[in-house]
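Topology and contacts: notes
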Amino acid sequence: MKSDTFWRYATLAPAVILFVLLTILPLFNLAALSFHNVEWINREAVWEWVGLRNYAKLPNDTLFNAGILNTILFAVVAVAFQMVLGFWLALMTTRVTRLRVFYRTVFILPILVPGIVIGAIWKLMYSYDFGIINQVILWFGGNPVDWLGNPDLALMSVIIVDVWHWTPFCFLLMLASLESLPQDIFEAAEIDGARRWQVLRYIILPLMMPAIIVTFIFRMILAFKVFDEIYLLTGGGPGTSTEVISFTIYRRFFTEDQSGYGSAMSLATIAVIATMIILASRFATRKGPEQ
Amino acid sequence: MATVELKGVTKRFGAVEVITNVDLSIEEGEFLVLVGPSGCGKSTLLRMISGLETISVGDMFIGGKRVNDVPARDRGISMVFQSYALYPHMTSAQNMSFALRLAGKTPDEQSKRIKPAAGVLGLGDYLDRFPRELSGGQRQRVAMGRAIVREPDVFLFDEPLSNLDAKLRVRMRAELKELHQKLKTTTVYVTHDQVEAMTLADRIVVLRDGIIEQVGAPLELYDNPRNKFVGSFLGSPSMNFFDLRVDPDAPEQAVFADGDKLCLPRSLEGHSRVTVGIRPEALNLVAEGTENAISAKVVVIEPTGAETELFLRKGDTHIIASFRERLNVRPGDTVFLSADPAKYHLFDSTTEMAI
Amino acid sequence: MTDHGRSAPLARHAVLFGFALIVLFPFLWIVMASFKTQIALLMGQWKFSPTLYSYDAVLNGKTSDFVTNFKNSSIIAITSTTIVLTVATLAAFSLYRLRWADWVLRILLAWSVIFHMVPPITLAGAWYTMFRSIGLDNTYAGIILAHTTINLPMALWMMGVFIKDVPKELVEAAQIDGAKTPRVLWNVVVPIVRPGLAATGILCFIFSWNEFPVALTLSQRATATVPLGIGKYAQENTIAFTEMAAASTLSIVPAFILLIVAQRFIVRGLTSGAVK
């Protein structure tokens, strides 16, 4: 019994220690930093108490505001497109049984490629002078478009990259869910005289809801973390048109070496995301599971 | 071989008490069956003996030694699970020798123990197969082999036959009994199947809601159930019960709502009502007007070949009667049934205890 | 069931094939670009004589750190994957098979969910400060620890799913057979969840290999990973496009090999991760 108790603790301890040291302790560290201005002199941190001043600066920080706004815009638009496209493609291509392994390989590939490489690929493709997209436009007699340099287009261009990057993933999950639905239900609906859109509305959608929600949440979480593609494609520009929150924090904390202010921003971001999680789960539980 | 003794054993999961104050002593070499409906606590009790479940209150002794704080591996027990719990990545032989390997036995010693066990169980040809390559019955045997090779003081079985089909179950039941006669190891066996309990047990423990209802030899329980629950649980088809009025003027007579009367084996003075239990096979078809006969309407006839079962109705009461012979009756017929008063089981209508 | 007999109409095949082409084309294009000369790329030539110049520059160039990056990424991804697998398997086994109170399970899982949702960059600042004060900045250890932490929630859920699939009775049978906890884990549970370990390990490896922002903040030239190397090409004043393409192509190789040889595990991992 004694050795059992020992092992019970010993097996759980590494995970708990890791979590405490590398996620909880850093939160306190961030909190402490956020009340100070910190400067590094000869590898020694010099802390100067500034109270809440770092937090007071946040609402007037155009980068921070743009970052939050663009992140939400980016996540909502990109994920919406991925979900709808993925769902539609799954509906369109269910029952295609040939070349399965080939298709699966192709559609998993983008998920496994570093985000930075995705950025690199599209940086080449979006290039004003020689990118394939402008080449095609020229062939058709159009004028080349400055995809990443035009403030009105840049965020949309980034969203297109993300849609291209993640639609295959949404498609695969939707397809898996669609194909796991019991076939006899469709036959029963057919006998009941349901039209195609009625089958979609009353049978497919409700039955796939769990898979749709899971995919949606998974994608939203990742979309809020967007960094790599922005870093490589636009660096947040032009102006603040593609500034996203992760990038703002990186810029403030590391590029500009404002540890205290960057920490305040980090904590504020965590607070915003936590609030959204709580609101979302409240909303989800109030609406109740669709059965 | 060892005795197993439980003294005032109680188990709580949070606020829920699933085993209440159980006293039980199991003799050396005895085959004891714990039986009861699902949720009665029989599996929990077995798991407490095995050491997989802790004991909330009370003491447990195996071979005279208190084992409350002894881990499962040191209790000298081995267990056969309902799902067999064979290690899927090990062959039959490896499954059986795992415990020996852990105990530091040499490969020589291991095979010396496995061989006879495999022989007894007829597993000789299957030792190098993996569980997924075995049939249900073979898996069952490997699970038993794994229990045997440890040469335990006590065997524990948790519904070991319930995953087998009906035919195989009957065969394995017989094999199990034979095995016990050969090894004479103390055995505690859990089942919800009263036929298994009746056929296998030296003694049966009937459990309900974590409380022991009755302990005794199978036929003893069958013939003298201590209460209505035990009476109804053992025996198939199950005992018929009639809730009757005791005639205040002639307390040796019990009266049906429709006026039929039963002559009781003894006078029940002081009781106003009585529940009379009669086993289906105790009922006979008799001619109208026979003394002690009751009328009933035939609903369904089920010939099984060897036996014929009649499902009847008397007022709101359902009656089952079984006969060794074939019957010439049709649904809708009114027939007359009677039984030897010596085979009546009398229960108090409110406490449900035998009187 | 009935569908296997019925073949899909041609239009469906066409839609799927078109979709696959759209997904695949950029990859083909960048591989093609990596074999072009800078001039051929800038001229938008489709006919070109393939050259290994860019690969030579990436692998052997004096100013290129790519080989070092590759080595760093390998060390960091393999080590952090090993640690995260060990820690997550131990913890999942403990949580799901060693009878922890419900609240312990809930707190740990809830915390890992929350942490998983927060962009890692928000904690990177604190990691940087903490690591720097104990001398772990710009070391493998720092990045390995960070990657281990980032991947731990996912690994914990995945291993949890796989370990929950191991019947409780097997663990109990092993306990009765005389196995103490480490034996139960090593001789019974681990062999059974081996496919799950492979699935989890492959995903952790790939995510660590691909991770960019945290590696960016915690490393300098000596410990820079592959994504940092690629990022550097884009940061320079005159972007070396073909070299960026060559480095990108090379960086996909490990994931691509895994995708070909271990697709079964990757699919299993992605779906089980998504189930949660």
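Residues numbered from 1 in each chain as written. Chains lettered and ligands numbered in written order. Predicted model: local features only at pLDDT ≥ 70, side-chain atom pairs only at ≥ 80, totals over all residues. Heavy atoms only, no water.

**Brief notes about the overall build of chain A**
Within chain A, the regular secondary structure consists of 12 helices and two strands. Computed over the C-alpha atoms, the radius of gyration of chain A is 24 Å, more than 25% above the 19 Å expected from 2.2 N^0.38 for a compact globule of 291 residues. Summarising its shape, the C-alpha atoms of chain A cover approximately 75 × 75 × 35 Å along the three principal directions. Expressed as a percentage of its 291 residues, the buried residues of chain A come to 49%. For chain A, long-range pairs separated by at least 24 residues make up 64% of all intrachain contacts whose partners lie at least 6 apart in sequence. Carbon and sulfur atoms make up 66% of the accessible area of chain A, which amounts to about 14,100 Å² in all. With 20 positive and 20 negative side-chain charges, chain A shows a spacing of 7 Å between the two charge centroids. (Helix = DSSP H or I, 4+ residues; strand = E, 2+ residues; numbered from the N terminus. Rg over C-alpha atoms; globule rule 2.2 N^0.38 Å. Buried < 20%, exposed > 50% of the residue type's maximum accessible area, 1.4 Å probe, protein only. Contact = heavy atoms within 4.5 Å. Areas by Shrake-Rupley, 256 points an atom, 1.4 Å probe, with all protein chains shown as cover. Lys, Arg positive; Asp, Glu negative; His and termini not counted. Charge placed at Lys NZ, Arg CZ, Asp CG, Glu CD.)

**Focus on the packing of helix α11 (residues 245-255) of chain A against helix α6 (residues 121-133) of chain C**
Two numbers describe how α11 of chain A lies on α6 of chain C: the axes approach to 9 Å, and their chain directions differ by 20°. On the basis of the axis angle, α11 of chain A is roughly parallel to α6 of chain C. Note on packing geometry: the crossing formed by α11 of chain A with α6 of chain C is right-handed. Facing S246, I249, Y250, F253 and F254 of chain A of α11 of chain A, the residues of α6 of chain C in contact are I121, T122, A124, G125, A126, Y128 and T129 of chain C. Tallied by class, the residues present in the contact of α11 of chain A with α6 of chain C amount to eight nonpolar, four polar and no charged. (Axes fitted to C-alpha atoms, helices over the stretch in contact; angles between N-to-C directions. Parallel < 35°, antiparallel > 145°, perpendicular 65-115°, else oblique. Left-handed = near helix turned anticlockwise from the far one by under 90°. Nonpolar A, V, L, I, M, F, W, Y, C, P; charged D, E, K, R; others polar.)

**Structural notes on the domain arrangement of chain C**
Residue and element names in this part refer to chain C. Its domain assignment divides chain C into domain 1 (2-55) and domain 2 (65-275). Between the C-alpha centres of domain 1 and domain 2 the distance comes to 31 Å. Contact with domain 1, which involves 12 residues of that partner, is made by 11 residues of domain 2. Summed over both sides, the interface between domain 1 and domain 2 buries roughly 860 Å², with carbon and sulfur atoms accounting for 71% of that surface. Of all the secondary structure elements, the ones that give two or more residues to the side of domain 1 that touches domain 2 are α1 (10-34), α2 (38-42) and α3 (53-60). Here the residues of the side of domain 1 that touches domain 2 are counted per class, giving seven nonpolar, four polar and one charged. (Domains from an automatic or database assignment. Buried area = accessible area lost by both parts, 1.4 Å probe.)

**Comments concerning the sheet that holds strand β13 (residues 261-263) of chain B**
Residue and element names in this part refer to chain B. Spatial ordering of the open sheet is given by β13-β12-β11-β14-β20, a layout of five strands whose pairing is antiparallel. If you trace the sheet from one side to the other, it starts and ends with β13 and β20 (345-347), each paired once. Each adjacent strand pair in this sheet contributes to an overall mean axis angle of 40°, direction not counted. Relative to β13, strand β12 (residues 253-255) runs antiparallel, the two sharing three bridges. Pairing of Q253 across the sheet is with C263, part of β13. (Pairing = 2+ DSSP bridges.)

**So, the packing of aromatic side chains**
By the definition in use, this model includes 38 aromatic pairs over all chains. Centre to centre, the rings of F6 of chain A and W7 of chain A are 5.1 Å apart; their planes meet at 75°, and the pair counts as edge-to-face. Assessed through its relative accessible area of 51%, F6 of chain A is described here as exposed. Residue class for W7 of chain A comes out partly exposed when judged on its relative accessible area of 30%. Centre to centre, the rings of F31 of chain B and Y189 of chain B are 5.7 Å apart; their planes meet at 40°, and the pair counts as tilted. Of the two residues, F31 of chain B sits in strand β3 (residues 31-35) while Y189 of chain B sits in strand β8 (residues 186-191), which places them 158 residues apart along the sequence. Judged by relative accessible area, which is 0%, Y189 of chain B ranks as buried. A cation over a ring is seen here: R132 of chain B above F130 of chain B, with NZ or CZ 5.0 Å from the ring centre. In this arrangement the basic side chain of R146 of chain B is found over the ring face of Y87 of chain B, its NZ or CZ atom lying 4.8 Å from the centre. (Phe/Tyr/Trp six-rings, centres within 6.5 Å; stacked < 30°, edge-to-face > 60°. Lys NZ or Arg CZ within 6 Å of the ring centre and 35° of its normal.)

**Here we look at the nonpolar core**
Here is a general trend for soluble globular proteins: nonpolar side chains tend to be buried in one another's company. Residues F107 and L124 of chain A together with W127 of chain C are the most contacted members of the largest nonpolar core, which totals 220 residues. With 15 residues, the top contributor of residues to this core is helix α7 (residues 154-179) of chain A. Not counting residues within four places of it along the chain, the set of residues in contact with L124 of chain A comprises F130, G131 and I132 of chain A together with W29, I30, A33, L41, F241, M244 and A245 of chain C. Listed in part, the 42 residues of the second largest apolar core include A117, L123, L134 and F229 of chain B. (Core = buried A, V, L, I, M, F, W, Y, C linked by side-chain atoms within 4.5 Å.)

**Points about the domain arrangement of chain A**
Residues and elements named next belong to chain A. Here the domain parsing of chain A yields domain 1 (2-49) and domain 2 (53-287). Here the C-alpha centroids of domain 1 and domain 2 sit 32 Å apart. Between domain 1 and domain 2, the residue contacts involve 11 residues of the former and 12 residues of the latter. For the pair domain 1 and domain 2, the two sides together bury roughly 770 Å², of which 60% comes from carbon and sulfur. Where domain 1 meets domain 2, there are three residue pairs in polar contact (both at pLDDT 80 or more). At the level of elements, α1 (2-34) and β1 (36-41) are the ones that each hand at least two residues to the side of domain 1 that touches domain 2. At five residues, the largest contribution of residues to the side of domain 1 that touches domain 2 is made by α1. Across the side of domain 1 that touches domain 2, the residue classes break down as eight nonpolar, three polar and no charged. (Polar contact = N/O pair within 3.5 Å; in protein donor to acceptor, adjacent residues only side chain to side chain.)

**With respect to the interface of chain A and chain C**
Of the residues lining the interface, 87 residues belong to chain A; the matching set on chain C comes to 97 residues. Summing both sides of the interface, chain A and chain C together bury roughly 8,900 Å²; the carbon and sulfur share of this comes to 78%. Considering only the surface of chain A that becomes buried against chain C, F19, R95 and L112 of chain A emerge as the three largest contributors, covering 9% of it. Along the contact surface separating chain A from chain C lie zero salt bridges. The tally of links from chain A across to chain C stands at 14 residue pairs in polar contact (both at pLDDT 80 or more). No other element matches α1 of chain A, which puts 22 residues into the side of chain A that touches chain C. In the side of chain A that touches chain C, the residues fall into 62 nonpolar, 15 polar and 10 charged. (Salt bridge = Lys/Arg side-chain N within 4 Å of Asp/Glu carboxyl O.)

**Overview of the packing of helix α5 (residues 102-117) of chain C against helix α7 (residues 140-164) of chain C**
Residues and elements named next belong to chain C. Their axes nearest at 9 Å, the elements α5 and α7 cross at an angle of 130°. As judged from the angle between their axes, α5 and α7 are oblique. Once α5 is placed against α7, the crossing between them reads as left-handed. For the pair α5 and α7, the contacting residues are L109, S112, V113, F115 and H116 in the first and T149, I150, P153, L156 and W157 in the second. Partitioning the contact of α5 with α7 into residue classes produces seven nonpolar, three polar and no charged.

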